[in-house]
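Examining the three-dimensional arrangement
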Amino acid sequence: MKFQTLIFTAVCLSVAAVSVAHEGDCPFCKLKLVQNTADQDNEVVLRFGNKKIEYRCIFCVFKDQKRYKGDLVVYAPSEKVGEPVILKRTDGKWTAPEGVVFLNSFKKHVDCAALSRAFSSVTAYDTYVKKNDLKETKAFSLAEFVDFVVKPAK
């Protein structure tokens, strides 16, 4: 009976450790990572080789991309819970599924998780903008988004 209790305790501790392991700070902006909710995914994951690195938003990933040499995969939260938009950098060139658009309209970086996102379509983008009562936004293509993010600040 004691052995079973010991195993149960070890399993519970392992589960607890895994469930909080992804909490932390963004490696780029140093703000706290924003966790998924029941109705919206927020976790942005960069896969570099065998490593998975979490970022606060897709702006942070693209701004920090020079840190990584080689191919990358980004799992960007979309409008569909559990269905990220998968972005890939292969031989230095970024690709995204057809129809994907991006929102990037934060003024203060603390708002980036809600205002720097990927969407599977313009319709999904428009729905998010309307639902969140966002003003003066623009749907960026992948090329426009990358260009906007990586250009030097004025």
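Rules of the game
Residues numbered from 1 in each chain as written. Predicted model: local features only at pLDDT ≥ 70, side-chain atom pairs only at ≥ 80, totals over all residues. Heavy atoms only, no water. Pairing = 2+ DSSP bridges. Helix = DSSP H or I, 4+ residues; strand = E, 2+ residues; numbered from the N terminus. Axes fitted to C-alpha atoms, helices over the stretch in contact; angles between N-to-C directions. Buried < 20%, exposed > 50% of the residue type's maximum accessible area, 1.4 Å probe, protein only. Arc of directions from axis to C-beta. Contact = heavy atoms within 4.5 Å.

To continue, consider the sheet that holds strand S3 (residues 72–76). Strands sit in the order S2-S1-S3-S4-S5 across an open sheet of 5 strands; the sheet is antiparallel. Lying at the two open borders of the sheet, with one neighbouring strand each, are strand S2 (51–55) and strand S5 (93–95). Pairs of neighbouring strands in the sheet enclose a mean axial angle of 20°, with direction left out of account. Two elements, S3 and strand S4 (residues 85–90), share 5 bridges in a ladder whose sense is antiparallel. Each bridged residue has a counterpart across the sheet, and for Tyr75 the counterpart in S4 is Ile86.

Every buried residue of helix H5 (residues 142–150) is accounted for by Leu142, Phe145, Val146 and Val149. Take H5 and look down its axis: the buried residues cluster within an arc of 95°, on one side only. Opposite the buried face of H5, at more than 90 degrees from it, the exposed residues are Ala143 and Asp147. The elements touched by buried residues of H5 are helix H2 (58–63), S5, strand S6 (101–104) and strand S7 (116–119).

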